[in-house]
Amino acid sequence: MNAGPASEPESLGGVHVKYLLHCPRQLWLYMRGYRPEGSSDLVSFGEIVDETTFTRRRDIDLGEAKIDWVTTGAVVHETKSSRAPSPAHEAQVRHYCLLLERRGVNVRSGVIHYPLIRRTVTVTWDDDARRSALETEAQARGVISAPAIPPRLERRRCRGCSYTDYCWG
């Protein structure tokens with residue numbers, strides 16, 4: 001693990017937003033090279049759900065982020081293995097909308113797909129959503145550049161997190 005200070009990334013991806021909103025400590029550790037996700041059963045399950053759902057679509061690789069797919073009319077689509085919608089999922093889609101907009105795409109909205117519960121959530125893309133995405137991005141950069149690790153969450157919020165051993169081991 002590289003324990004040195006993290007350099008600020010030129011661009012932030014969806015994983016940065018997801019980790020920030022799940023646990024700032026997780027984002028801080030991730031940016032310093034601690035990445036236990038590869039041995040997480042929950043991460044593997046999420047990848048399987050992603051790979052076996054909507055198989056006719058193709059990921060959009062922006063370099064710093066991978067969007068599950070974008071439909072005609074510039075609607076961003078994201079698939080989640082979660083059984084419950086989350087504000088963090090919406091923030092991640094808003095971030096993808098921002099990244100596409102920065103590339104000149106006239107984004108219309110986003111949709112989050114929850115195949116395990118057969119539900120979708122529409123994410124609006126307007127001035128308020130843009131401001132929210134910019135604010136989330138600024139918060140992530142603040143956590144990344146912090147010299148000290150953020151405090152750990154209450155233990156019950158860490159259930160299933162691949163970073164549990166680091167924080168509580």
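A brief look at the structure comes next. Because the structure is a prediction, the values reported are computed rather than measured.

### A few points about the side chain of His77
Piece 1. Turning to its location among the elements, His77 is positioned in strand β4 (residues 75-79).
Piece 2. A polar side-chain atom of His77 sits 2.7 Å from a polar atom in the side chain of His113.
Piece 3. Dropping the residues within four chain positions of it, His77 is found in contact with Ile67, Asp68, Trp69, Thr71, Val111 and His113.

### Structural notes on the nonpolar core
Piece 1. If you look at the biggest cluster of nonpolar residues, it comprises 18 residues, and the most contacted ones within it are Val76 and Trp125.
Piece 2. Mapped onto this core, the elements with two or more residues apiece are α4 (87-102), β5 (109-114), β6 (119-124) and α5 (127-145).
Piece 3. Counting residues per element, this core draws most heavily on α4, at six residues.
Piece 4. Discounting chain neighbours no more than four positions away, the residues touching Val76 are Ile67, Trp69, Val70, Val93, Tyr96, Cys97, Leu100, Val107, Ser109, Gly110 and Val111.

### Looking at the packing of helix α1 (residues 14-22) against helix α2 (residues 24-31)
Piece 1. Following both chains from N to C, one finds α1 and α2 inclined at 140°, their axes separated by 5 Å at the closest point. Taken together, α1 and α2 sit at an angle that is classed as oblique. Residue-level inspection shows Val15, His16, Tyr19, Leu20 and His22 of α1 in contact with α2, the latter providing Pro24, Gln26, Leu27, Tyr30 and Met31.
Piece 2. Of the residues that constitute the contact of α1 with α2, the class distribution is seven nonpolar, three polar and no charged.

### Digging into the pairing of β4
Side-chain positions along a regular strand alternate between the two faces of the sheet.
Piece 1. Burial analysis of β4 places five of its five residues in the buried class, the great majority of the element.
Piece 2. Taking every second residue as pointing to the same face, both faces of β4 are buried, with Val75, His77 and Thr79 on one and Val76 and Glu78 on the other.
Piece 3. By the bridge criterion, three bridges tie strand β3 (residues 69-71) to β4 in an arrangement that is antiparallel. Residue Val70 lies in a different strand from β4, and its bridge partner there is Val76.
Piece 4. Counting the residues in the hairpin turn of β3 and β4 gives three residues, including Gly73, whose phi is positive at 90°.
Piece 5. Summarising the sheet, β4 and β5 pair through five bridges and their orientation is parallel. When the sheet's bridge partners are listed, Val75 is paired in β5 with Ser109.

### Quick look at α5
Piece 1. Between its terminal C-alpha atoms α5 stretches 27 Å, which fits the 27 Å expected from 19 residues at 1.5 Å a residue.
Piece 2. Close packing links the buried residues of α5 with α1, α2, α4 and β6.
Piece 3. Taking the backbone nitrogen of Asp128 as reference, a side-chain oxygen 3.2 Å away marks Asp126 as the first, capping residue of α5.

### Examining the pattern of salt bridges
Piece 1. Across all of its chains, the model carries seven salt bridges by this definition.
Piece 2. One salt bridge connects Glu137 with Arg102, and the closest N-O pair in it is separated by 2.7 Å. You can see Glu137 sitting in helix α5 and its partner Arg102 sitting in helix α4, a full 35 residues away along the chain.
Piece 3. Residue class for Glu137 comes out buried when judged on its relative accessible area of 8%.
Piece 4. Note on Arg102: relative accessible area 44%, which makes it partly exposed.
Piece 5. In this structure, Asp127 engages Arg130 in a salt bridge whose closest nitrogen and oxygen atoms are separated by 2.7 Å. With Asp127 and Arg130 both in helix α5 and three residues apart, the pair spans about one turn of that helix.
Piece 6. Classification of Asp127 by relative accessible area gives partly exposed; the value is 49%.

Conventions we followed
- Residues numbered from 1 in each chain as written.
- Predicted model: local features only at pLDDT ≥ 70, side-chain atom pairs only at ≥ 80, totals over all residues.
- Heavy atoms only, no water.
- Helix = DSSP H or I, 4+ residues; strand = E, 2+ residues; numbered from the N terminus.
- Polar contact = N/O pair within 3.5 Å; in protein donor to acceptor, adjacent residues only side chain to side chain.
- Contact = heavy atoms within 4.5 Å.
- Core = buried A, V, L, I, M, F, W, Y, C linked by side-chain atoms within 4.5 Å.
- Buried < 20%, exposed > 50% of the residue type's maximum accessible area, 1.4 Å probe, protein only.
- Axes fitted to C-alpha atoms, helices over the stretch in contact; angles between N-to-C directions.
- Parallel < 35°, antiparallel > 145°, perpendicular 65-115°, else oblique.
- Nonpolar A, V, L, I, M, F, W, Y, C, P; charged D, E, K, R; others polar.
- Pairing = 2+ DSSP bridges.
- Expected span 1.5 Å × (residues − 1).
- Salt bridge = Lys/Arg side-chain N within 4 Å of Asp/Glu carboxyl O.

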